[in-house]
Amino acid sequence: MAKQREQWGSKLGFILAAAGSAIGLGNIWRFPTVVGQSGGGIFILIYLIIIFLIGIPLMICELTIGRKGKSNIVRAFKGIKPGSPWWIIGALGVAAGFIILSFYSVIAGWSVAYIFKFLSGGLNNLDVRDSREIFVNFVASPVEPLIWHGIFMAMTIGIVIFGIDKGIEKASKIMMPVLFVLLLLLALRSITLPGALEGLRWYLTPNLQAINIKIILGALGQVFFSLSLGMGAIMTYGSYLTDDNDIPNSAMFISLADLSIAILAGFIIIPAVFAFGFEPNAGPSLIFITLPAVFASLPLGNLFGGLFFILLTIAALTSAISLLEVPVAYFIEEFKWSRKQASIILGIIIFLLGIPSSLSMGILGETLFFGRGFLDFMDFFSSNLILPIGGLLTAVFVGWVWGAQGIFNELEKARVTFRAKNIWFSIVKYLLPVVLFYILITGLI
Ligand code: PHE
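These numbers come from a predicted model, not from an experiment. As a convention, each chain's residues are numbered from 1 in the sequence order in which they are written. With pLDDT at 70 or above as the cut-off, local features in this predicted model cover only qualifying residues; side-chain atom pairs require 80 or more to be listed or tallied, and sums for whole chains, interfaces and linings still use all residues. Heavy atoms from the whole structure form the basis of all side-chain values; hydrogens and water molecules are not counted.

J.: So, the overall build of the chain: which residues are in play, and what are the values?
T.: What the chain contains, in helices and strands, is 17 helices and 0 strands. The principal-axis extent of the C-alpha atoms belonging to the chain is close to 60 × 50 × 40 Å. Restricting the contact set of the chain to residue pairs at least 6 apart, pairs at least 24 apart contribute 83%. Only the protein chains shown count as cover for residues, and all accessible areas are computed by the Shrake-Rupley method using a 1.4 Å probe. By element, 68% of the accessible surface of the chain is carried by carbon and sulfur atoms, the whole surface being about 17400 Å². Only DSSP runs of H or I reaching four residues or more are called helices, and only runs of E reaching two or more are called strands; each is numbered from the N terminus. The contact definition used throughout considers only heavy atoms, calling two residues in contact when any of these lie within 4.5 Å.

J.: Lay out the pattern of salt bridges in plain terms, naming residues and giving numbers.
T.: Within this document, salt bridges are pairs made up of a side-chain nitrogen of Lys or Arg and a carboxyl oxygen of Asp or Glu, the two lying within 4 Å of each other. Evaluated as defined, the whole model comprises 11 salt bridges. Measuring nitrogen to oxygen at the nearest pair gives 3.0 Å for the salt bridge that ties Arg 339 to Glu 325. Of the two residues, Arg 339 is situated in helix α15 (residues 339-359) and Glu 325 in helix α14 (residues 301-335); the sequence distance between them amounts to 14 residues. Each member of the pair Arg 339 and Glu 325 is classed as buried. Ionic pairing is found between Glu 412 and Lys 421, a salt bridge with its closest N-O pair at 2.7 Å. A relative accessible area of 31% places Glu 412 in the partly exposed class. It is possible to trace a salt-bridge network through shared partners that takes in Arg 67, Lys 70, Asp 243, Glu 410 and Lys 413. Classification of residues uses two cut-offs on accessible area relative to the type maximum, computed with a 1.4 Å probe and protein chains only: under 20% is buried, over 50% is exposed, and between them is partly exposed.

J.: Could you give an account of the packing of aromatic side chains, naming the residues involved and the relevant values?
T.: Each aromatic ring pair is described using two quantities: the centre-to-centre distance and the angle formed by the ring planes. In summary, the pairing rule links any two rings of Phe, Tyr or Trp, Trp by its six-membered ring, whose centres are within 6.5 Å, and it sorts them by plane angle into stacked for under 30 degrees, edge-to-face for over 60 and tilted for everything else. This structure, assessed with the given rule, holds 39 aromatic pairs. Here the aromatic rings of Trp 8 and Phe 14 are separated by 5.8 Å at their centres, their planes lie at 55°, and the arrangement is tilted. Each ring, one from Phe 408 and one from Phe 425, has its centre 5.7 Å from the other, and the planes form 65°; the classification is edge-to-face. Of this pair, Phe 408 sits in helix α16 (residues 374-411) while Phe 425 sits in helix α17 (residues 421-444); the two residues are 17 residues apart in sequence, bridging distant segments of the chain.

J.: With reference to specific residues and values, describe a nonpolar patch on the surface.
T.: A surface patch of nonpolar side chains, about 420 Å² in accessible area, is lined by Leu 45, Ile 49, Leu 53, Leu 208 and Leu 431. Top contributing element to the nonpolar patch by residue count: helix α3 (residues 41-69), with 3 residues. Structurally, Leu 431 can be placed in helix α17. Patch construction takes residues with relative accessible area above 30% that form no salt bridge. Like charges are linked within 9 Å, and nonpolar side chains (Val, Leu, Ile, Met, Phe, Trp, Tyr) are linked within 5 Å.

J.: Please set out the environment of Phe 135 residue by residue, giving values where relevant.
T.: Take Phe 135: it is sitting in helix α6 (residues 128-140). The buried category is assigned to Phe 135, whose relative accessible area is 1%. A sequence separation of 153 residues divides Phe 135 from Phe 288, and the C-alpha atoms of the two residues are 6.8 Å apart.

J.: So what's going on with the side chain of Thr 290? Which residues, and what values?
T.: In this structure, Thr 290 sits in helix α13 (residues 286-296). Thr 290 sits in the buried class, given a relative accessible area of 0%. As used in this structure description, the phrase polar contact means that two N or O atoms lie within 3.5 Å; if the pair is within protein, one of them must be able to donate a hydrogen and the other to accept it, and residues adjacent in sequence are counted only when both atoms belong to side chains. A distance of 2.7 Å separates a polar side-chain atom of Thr 290 from the backbone oxygen of Leu 286. The contacts of Thr 290, once residues within four sequence positions are left out, are Ile 269, Val 273, Phe 276 and Phe 278.

Now the structure itself:
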């Protein structure tokens, strides 16, 4: 007899794990970075529109496909539409898991390193200039960041080996609430820094004239990245759902939780950037440079700094495990690997794939891919291209291939009334394919 497939231990456990997948470096590192590069308030406005119009409807699709399939994402598509090529969406997702986790783990490794740098006093009372110098030297060194990247991957593998309810669920339950409280405290500190007000204004007032397709594509990529959409992470978590889960409700909660953490992170970083007379478009190094200076302005700054990076690391871990779980679930079910074997082998491959991203901050810095350093290229390529394409194909699949009756049957297993279901389905069927196609084509040209 086949071994029974794993399921979430409880409804809360699922919600926290899925929110844990969504909330991570995307919110705290990537969101302020992209806001900074995209003109502040106008970005926030577009971001909000895209979350509600595209993000949440797609999350409902992914969770429902996942639960219907009760399998890895490739098999899920094969199960719903046997004999068709739609399983390619799943294959694309497995590949995206490798790509995204490879650079994600490099940045998460910086976060691990910063825990120790803070707690050992190495980042004590810095001004922004010292802090920039320390960061730049650290990421440019060829070996040290790779060690931290390896440590982070090892932790990710460790949690994925223990499986769904023992590993992933437990880790999420404890840490998410603590993170929220610390972020709140930091935001308060940051907006009360002298000179922070200008930053606040920049963050919150949309300059409608500044709108352009680059900002829209950037916001789209950020929504996909932050909500873990377009590559089957949320779908895979959906596959461990029990039939009584109210999927639309869950999707709403997960997305709003993710949104609030991102906005909160913006309230920490952006005012601080202005207060320190720094440029908001500094790119991926932004938080690692500004935050130490914020902590220096706090009593017991070292301790807070250490704690912050512990929590950031954990938030990154709960996302990384969802990235690794996509290929792991696939290799377990399709190639009959054990969970342990799949986690370790795939984890090592991803570690190796991350090496050029790490080196691109230093010795490979001059080597450009389409005008970008390797890490930057991997990030742009996956968030702004692969994930939206995955989302586009998923919407077409649900709207035109699976069809209303099929997906409603699965959605309504939970015996909940989904009041907006017809509006939702029309959005998925007509609006999403058109809008996503349009943004992708014009944005990329
Ligand atoms: N959403 C995660 C974050 O914001 C990253 C992620 C992307 C996780 C895609 C899974 C899939 O950090």
